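Coordinates in review
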Amino acid sequence: METRILSHLRALEAESIHIFREVVAEFSNPVMLYSVGKDSSVMLRLAQKAFHPAKIPFPVLHIDTSYKFEEMYEFRDNLAKELGLNLIVHKNQAALDAGANPFDLGTQKCCAQLKTRALLDALEAGGYDAAFGGARRDEEKSRAKERIYSFRDKFGQWDPKNQRPELWNVYNCKIEKGETIRVFPLSNWTELDIWRYIEVENIPIVPLYLAKERPMLVRGSSIIPLEHNYPVKEGEKPEMVKVRMRSLGCTYCTGAMRSDAETLPQLMDELVQFKRSERENRIIDHDTEGSMEIKKREGYF
Amino acid sequence: MSVESQLLRFTTAGSVDDGKSTLIGRLLYEAKGVYEDQLASVQNSSVNRSTGPIDFSLLTDGLRAEREQGITIDVAYRYAATPRRKFIIADTPGHEQYTRNMATGASTADLAIVLIDARKGVLVQSRRHAFITSLLGIRYVAVAVNKMDLVDFREDVFRKIETEFMAYAQSVGLKNVAFFPISALEGDNITEPSARTPWYTGPSLLEHLENVDLVEARNFTDLRFPVQYVNRPTLDFRGYTGQLASGILRPGQTVMTLPSGRITKVKSLPSFDGDLSEAFPPMSVTVCLEDEVDISRGDMLVDPDRVPHVSRRFAAKLVWMHETPGEAERDYLLKHTSQTVRAQISKIRHRIDINTLAEQPANKLELNEIASIQVETRRPLFFDSYGQNRTTGSFILIDPVSNATVAAGMIEESTAESLEPLKLGSLEFSGETEATVTPAERYKRAGHYPATVWLTARQDLAGMLERKLFDLGCYVHVLADDRESHLLPELARVLNSAGLIAICSIASPDPAEAQRAQELAGDTRFLLVDPQKLPVHDEEASEVLMKMLEDRGVLRRKERFEVGEGI
């Protein structure tokens, strides 16, 4: 008899599709948070599969700090057109008009205004009762205990001490007006699963993930992309370095890494060999130990 | 890790000092689930509790509050992979008050690692872990006898634990139990055989995790497809989406829809990657059917020859998960597959002491208590026992006021068939007759399901139908309403519970009686025929009725009777 067993990637895919459908069936106004990154790209593909032959039946929300890479904006707009997405772009315009930027505010305050605040405002403005996010439990320790349906009170806050137990694949969607559920369909995927799936499924990604000669500012062990008028210190000069981005955030907070991985297989080889967890190059997580948990309690995704 | 590697979900149960976090940390480290910078951050940690070698436990204790208290207090999920398998590890605390978390972690697991401290032997808590493992239906148990280095790797210590635990495991119905003498701290028998246990010839723990059989555990025979969402992008496309709980789906296959009982065929299995020729669990698929049938979320596609139980009443084991106690006759929301219904605990039969397994009377259920209960739902559910099907046998209870998930339920083997309580004159049949013969067994012998056919003003037709069914090999009986007509619904139900098809021949219509009969027989097993719509000739009319019974799945297809397959 032929063996009927799914590969681990197809098993993860089936689980995620089940989550997407469950949310669309049970919530009245779901939205998907779209960061333009690789995890978002995988989420889009899973959503396409869940509702094929229909189009993705919910809007896609991009919280734009306006400090993203130019290539990300291009990629986003092209993809939205191609897939016929209902793309909503939201910025904390008031903060931006008041001159919010990471160089003067520091990463924590900048993130609080341009990401966390902007996200909470956008969710409230849209009246969304459920929001899909691409977070994975393997990313960071505080995320290991996150539920797939993560309850947020009416201030958008997460209480790690008071989470609903989650058994089997039976999810509790009950909330009161003003409360929301953040849903994480990629909870059980690892970084390597994401890359393998992108390869197997031939999913388009922002080219910044692959290595290329790019003009960078090298400062100690940090390699910093030069966009958005990055304040260069006296004596510093950009140089061409062959780099790739391990994860894509704002240009200032995304450290690049030296790499020769020009293709996906090369990239995965590097990952297996280097074994550095991907958020490490994001400056934001290293401000204080456990800083991600603090941000999440405040409403960060 | 290759693209074709398989997924194994396992859970770990152990107490605070059994070295569970150290074992998981070690497995993650060996199976490359830990990143260098995470390791570095552990080495820098402000609360590094131990001195000396790397404290692997700090890799897994997640949240700040826990790090300060030094104990794990919630289920945390970890990931590791070898070239053969990807592992999802539900790391659950073994502390007494956290039965809730252990049950949560166990609910999705294929395998449980139970940790036992070699110095302490089988403790009350080890039994507790074995019991919850069995309660949540985990197929494989790996007992890791840890800290063997502290008992000089003595075989007699290991064997004693093995014997003692095995006796207990059998008493709670656990099969497939394997034992491993390990030292999580020093790495013995974790990835490869240890030179310090020459008397142990089995595989290392990781080898075992890579090799347990994942196919054998799957059910490919009983089709259960809970409809999650109806996809209707255009007027001419109607796809029923869901995740296959068990059984196989193929184009052309005959399926029954519940609760309507209609029989139809699978037209196609469209997907983003083209039409599928077959789907098996746990695939998430879209099903298009041959006929226009009215199906919505919460309905289920099943194999007409192997239907689930359809009832508003059933027995279950419950794990109470909330500070607010659970009480009988309070309203809850019950979510079962893709269906959410109002429900009550109609009766708490007893509470189970998880340390001694003693059954105790109880009026209410406190946090972390386990009980045997009766449930009554507003609408019928389609279910199997949890032992047979983890998806169609499980449910959660939600408090309709606080919206909290308050309990997890496992539907029990249907030895106690839960039926409507019956009153027949002075005789009273309770709803909980302990049946030694199950409906499934009756079906197997009879070759058909019980049903009630409600016929008005067609006495001759009733007789003809009885003859036809009898000639086909069915157990059937006509009940006429010449006397005591108000008892017909109850009498029909008694015949049904004996596995018979009851034909009720009524002189004049009585909608209230018909409704009562329908309630007692259950929607799918009740056939009410509008006399206006039946052909006037009895011969033709009986053919129509036979066809209807086939469509409901009461009878197997006629052709199958003729070849005598499987009867």
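We now turn to the structure provided with this report.

About the thresholds
- Residues numbered from 1 in each chain as written.
- Chains lettered and ligands numbered in written order.
- Predicted model: local features only at pLDDT ≥ 70, side-chain atom pairs only at ≥ 80, totals over all residues.
- Heavy atoms only, no water.
- Helix = DSSP H or I, 4+ residues; strand = E, 2+ residues; numbered from the N terminus.
- Buried < 20%, exposed > 50% of the residue type's maximum accessible area, 1.4 Å probe, protein only.
- Contact = heavy atoms within 4.5 Å.
- Polar contact = N/O pair within 3.5 Å; in protein donor to acceptor, adjacent residues only side chain to side chain.
- Pairing = 2+ DSSP bridges.
- Axes fitted to C-alpha atoms, helices over the stretch in contact; angles between N-to-C directions.
- Parallel < 35°, antiparallel > 145°, perpendicular 65-115°, else oblique.
- Left-handed = near helix turned anticlockwise from the far one by under 90°.
- Nonpolar A, V, L, I, M, F, W, Y, C, P; charged D, E, K, R; others polar.
- Phe/Tyr/Trp six-rings, centres within 6.5 Å; stacked < 30°, edge-to-face > 60°.
- Lys NZ or Arg CZ within 6 Å of the ring centre and 35° of its normal.
- Salt bridge = Lys/Arg side-chain N within 4 Å of Asp/Glu carboxyl O.

**Overview of the overall build of chain B**
From N to C terminus, chain B includes 13 helices and 28 strands. Relative to its full complement of 567 residues, chain B shows a buried share of 57%. Residue pairs in contact within chain B that sit at least 24 positions apart in sequence constitute 70% of those at least 6 positions apart.

**As for the side chain of Ser150 of chain A**
Residue and element names in this part refer to chain A. Here Ser150 lies in strand β5 (residues 149-152). You can call Ser150 buried: its relative accessible area is 1%. Looking at Ser150, its side chain comes within polar contact range of the side chain of Glu146, at 2.7 Å. The residues touching Ser150, leaving out its near neighbours within four places in the chain, are Trp158, Thr180, Ile181, Arg182 and Phe184.

**Overview of the sheet that holds strand β10 (residues 256-258) of chain A**
All names here are of chain A. Strand order in the open sheet made by the four strands is β8-β7-β9-β10, with antiparallel pairing throughout. At either end of the open sheet lies a strand with only one pairing partner, and these are β8 (222-225) and β10. Between one strand axis and the next, the sheet turns by 70 degrees as a mean value, whatever way the strands run. One ladder, built from three bridges, connects strand β9 (residues 239-245) with β10; its direction is antiparallel. Residue pairing across strands places Val243 opposite Arg258, the latter belonging to β10.

**With respect to helix α4 (residues 99-107) of chain B**
The element α4 of chain B is extensively covered by neighbouring structure, given that nine of its nine residues are classed as buried. Elements that come into contact with the buried residues of α4 of chain B comprise β1 (6-13), β2 (76-81), β3 (85-91), α5 (124-135), β14 (309-320) and β20 (370-383) of chain B.

**Some details on the sheet that holds strand β9 (residues 239-243) of chain B**
Strand order in the open sheet formed by seven strands is β7-β13-β10-β11-β12-β9-β8 (chain B), and the pairing between neighbours is antiparallel. A strand with exactly one partner marks an edge of an open sheet, and here the two such strands are β7 (224-226) and β8 (229-231) of chain B. The average angle at which neighbouring strand axes cross in this sheet is 40 degrees, direction not considered. Strand direction decides the pairing type here: strand β11 (residues 263-268) of chain B and strand β12 (residues 284-289) of chain B, joined by two bridges, are antiparallel. Looking across to β12 of chain B, one finds that Val266 of chain B is bridged to Leu289 of chain B. Across the face of the sheet, helix α1 (residues 8-26) of chain A comes into contact with β8, β9 and β12 of chain B while running at roughly 60 degrees to β12 of chain B.

**Let's talk about the environment of Asp530 of chain B**
On the secondary structure map, Asp530 of chain B appears in the loop between β28 (526-528) and α12 (538-551). For the pair formed by Asp530 of chain B and Leu455 of chain B, sequence separation is 75 residues and the distance between their alpha carbons is 8.0 Å.

**Description of the packing of α5 of chain B against helix α6 (residues 155-171) of chain B**
All names here are of chain B. One way to put it is that α5 packs onto α6 with a least axis distance of 10 Å and a crossing angle of 40 degrees. As the angle between them shows, α5 and α6 are arranged oblique. Where α5 crosses over α6, the handedness of that crossing is right-handed. On α6, the residues that touch Ser126, Arg127, Ala130 and Phe131 of α5 are Glu164, Phe165 and Tyr168. Class assignment of the residues belonging to the contact of α5 with α6 gives a composition of four nonpolar, one polar and two charged.

**Section: the pairing of strand β7 (residues 212-219) of chain A**
Two faces, one strand: in a regular strand the side chains alternate between the faces of the sheet. All names here are of chain A. Where β7 and β9 come together, five bridges link them in antiparallel fashion. Counterpart to Glu213 in the pairing with β9 is Lys242. Pairing between β7 and β8: four bridges, direction antiparallel. Along β8, the bridge assignment pairs Val218 with Ile223. Where β7 folds back on β8, the antiparallel hairpin that results is connected by two residues, among which Gly220 adopts a positive phi of roughly 60 degrees.

**Details of the packing of α4 of chain B against α5 of chain B**
Residue and element names in this part refer to chain B. Running from amino to carboxyl end, α4 crosses α5 at an angle of 45 degrees, the nearest separation of the two axes being 10 Å. Taken together, the axes of α4 and α5 lie oblique to each other. Crossing geometry of α4 relative to α5 is assigned as right-handed. On α5, the residues touching Thr99, Met102 and Ala103 of α4 are Arg128, His129 and Ile132. Each residue belonging to the contact of α4 with α5 can be placed in one class, and the counts come to three nonpolar, two polar and one charged.

**Regarding the packing of aromatic side chains**
On inspection of all chains with the given rule, the structure shows 20 aromatic pairs over all chains. Measuring from centroid to centroid gives 4.8 Å for Tyr149 of chain A and Tyr171 of chain A, while their planes differ by 10 degrees, and the two rings are stacked. Taken together, the residues Tyr149 of chain A in strand β5 and Tyr171 of chain A in the loop between β5 and β6 (180-183) connect sequence positions 22 residues apart. Across the pair, exposure class does not vary: Tyr149 of chain A and Tyr171 of chain A are buried alike. Chaining the aromatic ring pairs together yields one cluster made of Phe20, Phe51, Phe58 and Phe132 of chain A together with Tyr229 of chain B. Cation over ring: Arg137 of chain A sits above Tyr77 of chain B, and NZ or CZ is 4.0 Å from the ring centre.

**Overview of unusual backbone geometry**
Residue Pro53 of chain A follows His52 of chain A across a cis peptide bond; omega there is 5 degrees. Take Pro53 of chain A: it is sitting in the loop between α2 (38-51) and β2 (60-63). Across the junction of Leu258 of chain B and Pro259 of chain B, the peptide omega takes the value 10 degrees, indicating a cis bond. By secondary structure assignment, the location of Pro259 of chain B is in the loop between β10 (254-258) and β11. Residue Asn368 of chain B is not a glycine yet carries a positive backbone phi of 75 degrees. Assignment of secondary structure puts Asn368 of chain B in the loop between β19 (364-365) and β20.

**Remarks on the pattern of salt bridges**
Per the counting criterion, the structure on display carries 51 salt bridges over all chains. In this structure, the salt-bridge partner of Glu278 of chain B is Arg250 of chain B, at a minimum N-O distance of 3.3 Å. Here Glu278 of chain B, found in the loop between β11 and β12, pairs with Arg250 of chain B, found in the loop between β9 and β10; they are 28 residues apart in sequence, far enough to count as distant. Assessed through its relative accessible area of 38%, Arg250 of chain B is described here as partly exposed. If you follow the salt bridges from partner to partner, you end up with Arg10, Glu13, Arg45, Lys49 and Glu201 of chain A together with Asp273 of chain B in one network.

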